[in-house]
Amino acid sequence: MTTSVRALLAFVLAAAPLHASAQVLGGDLADLVRIRDDVTSRRVSSHDRSGGNNDRIENIAVGETREIFNVPGAGIVNHIWITIAPPPPELSRNDIVIRMYWDGSDFPSVESPIGPFFGQGWDESYPFSSLPLAAGPREGRGLVSYWAMPFANGARMEIENQSDQTIQAFYYYVDYVELPALPEATGRFHAWYNHELTEASPDGENEWGTLGETGTNPGGEGNYLILDTRGKGHFVGVNYYVHSPGPMWYGEGDDMIFIDGETRPRLNGTGTEDYFNTSWSPKTLFSHPYYGYARVNDDVGWMGRTHVYRFHISDPLYFDEAFRFTIEHGHANCLALDLASVAYWYQAPPLAALPPIPDRASRQPRPFTGVVEIHRWRHEWRQNRGGDPKLWGDEEAPE
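So, a few notes on the structure that sits alongside this text. All of these numbers come straight from a predicted model, not from anything done at the bench. Each chain has its residues counted from 1, running along the sequence as written. Thresholds applied to this predicted model are a pLDDT of at least 70 for local features of residues and 80 or more for the giving and counting of side-chain atom pairs; totals over whole chains, interfaces and linings are not thresholded and use all residues. Side-chain numbers here rest on the full set of heavy atoms in the structure, without hydrogens or water.

Helix and strand definitions here come from DSSP, where helices need a minimum of 4 consecutive H or I residues and strands a minimum of 2 consecutive E residues; each element is numbered from the N-terminal end. Helix and strand content of the chain: five helices and 23 strands. Here the radius of gyration uses the C-alpha set of atoms, whereas the globule reference equals 2.2 Å times the residue count to the power 0.38. Here the C-alpha radius of gyration of the chain, 24 Å, is about what a compact globule of 399 residues would show, namely 21 Å. Dimensions of the chain, computed from C-alpha atoms along their principal axes, come out at roughly 80 × 50 × 45 Å. Buried positions account for 50% of the 399 residues belonging to the chain. A separation of at least 24 residues holds for 75% of the contacts in the chain among residues at least 6 apart in sequence. Counted charges follow a simple rule, with Lys and Arg positive, Asp and Glu negative, and His plus the chain ends left uncounted. One atom stands in for each charge, and that atom is NZ of Lys, CZ of Arg, CG of Asp or CD of Glu. For the chain, the centre of its 31 positive side-chain charges and the centre of its 53 negative side-chain charges are spaced 5 Å apart. Accessible area is worked out with a 1.4 Å probe on protein chains only. A residue is then buried under 20% of its type maximum, exposed over 50%, and partly exposed in between. By definition in these notes, contact holds between two residues if any of their heavy atoms fall within 4.5 Å.

Right under this line is the structure:
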């Protein structure tokens, strides 16, 4: 063994106790060297109990709720894998809701459409890769979570079919470790979905000052809500889904984060793409363990659908009493956008009920706009300027 290898091994072994104090059960490479006591690996899955190959739940009816996981005692879920048939868009995973309950609670700490939770927006299916979540081959149909999900007194998961057709097949693994008890100061995993069709400014969609002087919004009034929770914990990330009906850049909206009941944001951002660690109005697929663009529009300008994500793995946002995360929809909330998000965070018991998520009707994807709609807008613009057949398109409005 070389001197450098001995030094590295000594560092890893010395660091392992520090990792143990900082993590519930580490996924850290250094932490993997530790041999553990009183940890039992367990799995609940859709495997065929007869030993055959029918390894799935079948025929989940419209409106039916099916429990997929229910275990007693203490432990930590550390891996979930799911795939569903038929695939999108025939069966939209935006219409299947997943809920997770910890410690015998009668209300969920996780509630979200299953597609958006795993990084799949709208009624679509596409590859997505990050550290805690992924949607893998084929065509984003394998849904994966590596979030650690602790429980002290039992855990339960269920899915509800809110679509208008039968779920023919639902395959899954839920892997977890069984423990005598949870370590002290262990938070509970939470996730919450929101959706809103935002309103344009009464003065028009004045992004980039195209219609005149821009407004101000120092206090975040009218911002889109990503999360509003009370208690003690830390925020660990968001999947953010944007559908823009127009070609103007949608991302001048600033993130504004209010902590512990403050009336002005403690954390002020400089633009949507800036919060998501990108820059200069991107339209590029990009994948990093902590952030990226999993889906970008291929339409005129920034018209269409974009999925962007950021996970606070090494930089959680901490709160002692309350946490409210908002973001503008365009500068000073000037744009009409179809927005959806899933927020992820850990919170200390006692747990509190989440607000209800938007219903299926309000979650339905908006139709695409495109060159036909732009042509119609151009016609109306010409008519509003007297109908001159030689108008080119860049003429100023008459005085």
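Now that the structure has been shown, we can carry on.
Here we come to empty space enclosed by the protein. In this analysis the probe radius is 1.4 Å and the grid spacing 1 Å, with only protein atoms considered; a cavity is a set of points the probe fits into but cannot get out of, a pocket is an open set with protein on both sides within 12 Å along at least five of seven lines, and lining residues have an atom within 4 Å of a point. Grid points are joined across faces, edges and corners, and a volume is the space filled by probe spheres set on the points. Within the structure shown, the criterion is met by one cavity of 30 Å³ or more. Of the voids in this model, the largest cavity is the one considered here, and its volume is about 70 Å³. Contributing to the lining of the largest cavity are Asn94, Pro116, Gly121, Trp122, Tyr193, His195, Tyr241, Asp338, Ala340, Arg363 and Pro365. Elements with a contribution of two residues or more to the lining of the largest cavity: β13 (188–197) and β23 (338–347).

Turning our attention to the packing of aromatic side chains. Whether two aromatic rings pair depends on their centres lying within 6.5 Å, for rings of Phe, Tyr and Trp, where Trp uses its six-membered ring; planes under 30 degrees apart make the pair stacked, over 60 edge-to-face, and the rest tilted. Applying the stated criterion to the full structure yields 28 aromatic pairs. Pairing Trp147 with Phe189 gives two aromatic rings, centres 5.5 Å apart and planes at 35°, and the pair type is tilted. Linking Trp147 in the loop between β9 (142–145) and β10 (149–151) with Phe189 in strand β13, this pair joins segments that are 42 residues apart in sequence. Both residues of the pair, Trp147 and Phe189, count as buried. One aromatic cluster in this structure is built from Phe117, Phe118, Phe128, Trp147, Phe189, Tyr309, Phe311, Tyr344 and Tyr346. Look at NZ for Lys and CZ for Arg. If either is within 6 Å of the ring centre and within 35 degrees of the ring normal, a charge sits over the ring. One residue, Arg295, lies across the ring of Trp122, its end atom 5.9 Å from the ring centre. Lying across the ring of Tyr275, Arg310 places its NZ or CZ 4.9 Å from the centre.

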